[in-house]
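# Summary of structural features
Below are the chains, spelled out letter by letter.
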Amino acid sequence: MLPFLKGKNNEKQNIALQDVQLPEHVGIIMDGNGRWAKKRGLPRSAGHRAGAKTFRTITKYCSNIGIKYLTVYAFSTENWKRPQDEVNALMGLFKSYLEEAISDFKDEDIVVRFIGDRTAFSPELQELINENERCSADRTGMVLNIAMNYGSRDEIVRAVKNIAQQVEDKKITVDDINDNLISNNLYTAGQPDPDLIIRPSGEYRISNFLLWQSAYTEYVIMDVLWPDFTTDMMDSAIIEYAKRNRRFGGV
Ligand code: IPE
Ligand code: IPE
Ligand code: MG
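Predicted model, so just to flag it, every value in this text is computed and none were measured.

## Considering the nonpolar core
- Residues I28, F55, L144, I198, F229 and M234 are the most contacted members of the largest nonpolar core, which totals 47 residues.
- Among the elements that take part in this core, helix α3 (residues 84–104) stands out by supplying eight residues, more than any other.
- When residues no more than four places from it in sequence are discounted, the contact partners of F229 are T54, I58, I198, P200, M222, V224 and M234.
- In this structure, I29, A147, Y150 and F209 belong to the second largest nonpolar core, which totals eight residues.

Listed below in structure tokens is the structure:
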């Protein structure tokens, strides 16, 4: 049984991935690590470790099947509210993963970028973030956006401030403000909007992820905890997406 919620999505699917049009840009809210650990009587940090392994597997898989952009939500602007030991464990995990990521995504030719306010991280972590971007900038494969200390409202506030400053400096006028200008002042400037956002863990909410960019994104909510998410489930989500009739307000 596929892990979609709701009856309709649970129909057995006989469609292969090769037969469907792939989304160009996929977003994933990597949620459910804590519950995964709790179910096993383990500390939440063990769930984050397991989730990080899934992240690596799914990222490589997305690149291999031909996804052009993948944006993963790793840490939100609100996640600092968590107990200090959990935040510390996450920062430790980011450090070891970002150290490995410098070479890890090389074979797949993955371009690594970060979205979010990186200045809140330790200088050491910021250096690893910059180094990952630097060493992957010339690659030509899938673009992987890692959302860390990312919040869509924060992103929009920054864009508004930026644009207001450009008006104040007389570089643009108020009449120059339009959809495109706002998109180009977001962290995702120059990238297509996500076609599909997947949320494992069964929660029906956006949690401050890509609010502006997801105006017409298809959502697939799956009743599986992120560490248990498999490549077959990725296929299922894409096939579910391919069955949707996207109208963008038209008929
Ligand atoms: C997602 O898993 C990882 C982060 C938000 C950093 P959670 O830690 O939110 O797991 P649950 O939702 O409590 O199960
Ligand atoms: C969203 O998950 C953030 C990440 C997965 C990084 P949360 O667990 O923080 O979201 P809520 O609290 O369930 O809305
Ligand atoms: Mg959660």
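## Quick look at the sheet that holds strand β3 (residues 111–115)
- Read across the open sheet, the six strands follow the order β3-β4-β2-β1-β5-β6; overall the sheet is parallel. The sheet is open, and its two edges are formed by β3 and β6 (218–222), each paired on a single side. Taken over all neighbouring pairs, the strand axes of this sheet differ in orientation by 20° on average, direction set aside.
- Pairing of β3 with strand β4 (residues 143–150), which is carried by five bridges, proceeds in the parallel orientation. The partner of I115 across the bridge, within β4, is A147.
- Where helix α4 (residues 123–136) meets the sheet, it contacts β3 and β4, and its direction lies at approximately 145° from that of β3.

## Some thoughts on the site of ligand 2
- In the neighbourhood of ligand 2, the contacting residues comprise I29, M30, D31, Y73, A74, F75, N79, R82, R199, R205 and S207.
- In this structure, an oxygen atom belonging to ligand 2 sits 3.2 Å away from a side-chain N or O atom of D31.
- Within the side chain of R205, a nitrogen or oxygen atom sits 2.7 Å from an oxygen atom of ligand 2.
- For ligand 2, whose free accessible area comes to 390 Å², the fraction covered by protein is 79%.
- Its residues placed into classes, the shell around ligand 2 shows five nonpolar, two polar and four charged.

## Re the packing of aromatic side chains
- Summed over the entire model, instances satisfying the criterion amount to 10 aromatic pairs.
- Seen in terms of ring centroids, F55 and F105 are 6.1 Å apart; in terms of plane orientation they differ by 90°. Their pairing is edge-to-face. Separated by 50 residues along the polypeptide, F55 in helix α2 (residues 44–65) and F105 in the loop between α3 and β3 bring together distant segments of the chain.
- Given the relative accessible area of 11%, F55 is considered buried.

## What to know about the site of ligand 1
- Taken together, 13 residues sit near ligand 1, with D31, G34, R35, R44 and R82 positioned nearest.
- With respect to ligand 1, the side chain of D31 contributes an N or O atom lying 2.8 Å from an oxygen atom.
- A distance of 2.9 Å separates an oxygen atom of ligand 1 from a polar side-chain atom of R44.
- In terms of residue class, the shell around ligand 1 is made up of three nonpolar, five polar and five charged.

## As for the pairing of strand β2 (residues 69–76)
- Burial within β2 is extensive, with seven of its eight residues counted as buried.
- With five bridges connecting them, strand β1 (residues 25–29) and β2 associate as parallel partners. In the sheet register, V26 faces β2, and the bridge partner there is L70.
- In this structure, β2 lies alongside β4, joined through seven bridges in parallel fashion. The residue of β4 that forms the bridge with L70 is L144.

Basis of the calculations
- Residues numbered from 1 in each chain as written.
- Chains lettered and ligands numbered in written order.
- Predicted model: local features only at pLDDT ≥ 70, side-chain atom pairs only at ≥ 80, totals over all residues.
- Heavy atoms only, no water.
- Core = buried A, V, L, I, M, F, W, Y, C linked by side-chain atoms within 4.5 Å.
- Buried < 20%, exposed > 50% of the residue type's maximum accessible area, 1.4 Å probe, protein only.
- Helix = DSSP H or I, 4+ residues; strand = E, 2+ residues; numbered from the N terminus.
- Contact = heavy atoms within 4.5 Å.
- Pairing = 2+ DSSP bridges.
- Axes fitted to C-alpha atoms, helices over the stretch in contact; angles between N-to-C directions.
- Near = heavy atom within 4 Å.
- Polar contact = N/O pair within 3.5 Å; in protein donor to acceptor, adjacent residues only side chain to side chain.
- Areas by Shrake-Rupley, 256 points an atom, 1.4 Å probe, with all protein chains shown as cover.
- Nonpolar A, V, L, I, M, F, W, Y, C, P; charged D, E, K, R; others polar.
- Phe/Tyr/Trp six-rings, centres within 6.5 Å; stacked < 30°, edge-to-face > 60°.

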